[in-house]
Structure formats: structure tokens, C-alpha cells
Amino acid sequence: MNDQHLECPRCAFEAVGRLATSPVPGVWDVLQCDRCLYTWRTIEPARRTRRDAYPDLFKLTQDDIDSAIEVPAIPPLRAV
């Protein structure tokens, strides 16, 4: 991850962590917002990686996060 200023594209939070790095150094990183948990690869298009290009319909504020009814549960795996 380079030293550029990072903020979450979805909620504009400035605490972003690195979850993974490409096996080939410098190709991509997987980043995650510490507040809303949005996760993205640095090689994704601007509409997924930059706040100014992220769709307004999907942007969140701290109030949106605080008033969320619940975080959806992951359903159990289906038996085959």
C-alpha cells in the first residue's frame, strides 16, 4: 500500500487496513474500511475505489451505520 491518502469510498472513514497483497509485489492490495467494513481491491475501477466516483445511492454516513437495523446473518450452508 503506498503512502497516498486513503479513505473509504463508501463511508469516507480514514482508517483503512490492508487485508491482502498480491503475490507479485506492487500489483494490488485488498483494503477494508475499519468502520463500515467495505472491502475492495486497489485495481478495481474508480466507482469502487474512490469516494468522489462511488455511487451516491450507496454512500453511508456514521448516522446510517448507527441506525442500521441489523447486520444480515450468513445463512447456513446447504447440504448437497
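Residues numbered from 1 in each chain as written. Predicted model: local features only at pLDDT ≥ 70, side-chain atom pairs only at ≥ 80, totals over all residues. Heavy atoms only, no water.

(A) Layout of the pairing of strand β2 (residues 29-33). Within β2, 4 of the 5 residues are buried, which leaves the element mostly enclosed by the surrounding structure. Alignment of strand β1 (residues 16-21) against β2, held across 5 bridges, turns out to be antiparallel. By the bridge assignment, R18 is partnered in β2 with L31. As paired strands, β2 and strand β3 (residues 39-41) are joined by 3 bridges and run antiparallel to one another. Within the sheet, the bridge partner assigned to L31 lies in β3 and is W40. Adjacent in sequence and paired antiparallel, β2 and β3 are bridged by 5 residues, among which L37 carries a positive phi angle near 70°. (Buried < 20%, exposed > 50% of the residue type's maximum accessible area, 1.4 Å probe, protein only. Helix = DSSP H or I, 4+ residues; strand = E, 2+ residues; numbered from the N terminus. Pairing = 2+ DSSP bridges.)

(B) Expanded view of the pattern of salt bridges. Enumeration over the complete set of coordinates arrives at 3 salt bridges. Close ionic contact of R50 with D52 constitutes a salt bridge, the shortest N to O distance being 2.9 Å. Of the residues examined, R50 reaches a relative accessible area of 41% and is grouped as partly exposed. What makes D52 exposed here is its relative accessible area of 62%. (Salt bridge = Lys/Arg side-chain N within 4 Å of Asp/Glu carboxyl O.)

(C) Focus on the nonpolar core. Core analysis: the biggest nonpolar cluster contains 10 residues, these being L6, C8, C11, V16, L31, C33, C36, Y38, W40 and Y54. In this structure, Y38 is in contact with C8, P9, R10, L31, Q32, C33, R48 and Y54, ignoring residues within four places of it in sequence. (Core = buried A, V, L, I, M, F, W, Y, C linked by side-chain atoms within 4.5 Å. Contact = heavy atoms within 4.5 Å.)

(D) Geometry of the packing of aromatic side chains. Counted under the stated rule, the structure contains 2 aromatic pairs. Judged by centre distance (5.3 Å) and plane angle (20°), the ring pair of Y38 and W40 falls under stacked. On the accessibility criterion, W40 (6% relative accessible area) is buried. Ring centres of Y38 and Y54 lie 5.5 Å apart, and the angle between their planes is 75°; this geometry places the pair in the edge-to-face category. With Y38 in the loop between β2 and β3 and Y54 in the loop between α1 (46-49) and α2 (62-66), this pair connects stretches of sequence that are 16 residues apart. Put simply, the rings of Y38, W40 and Y54 pair up and form one aromatic cluster. (Phe/Tyr/Trp six-rings, centres within 6.5 Å; stacked < 30°, edge-to-face > 60°.)

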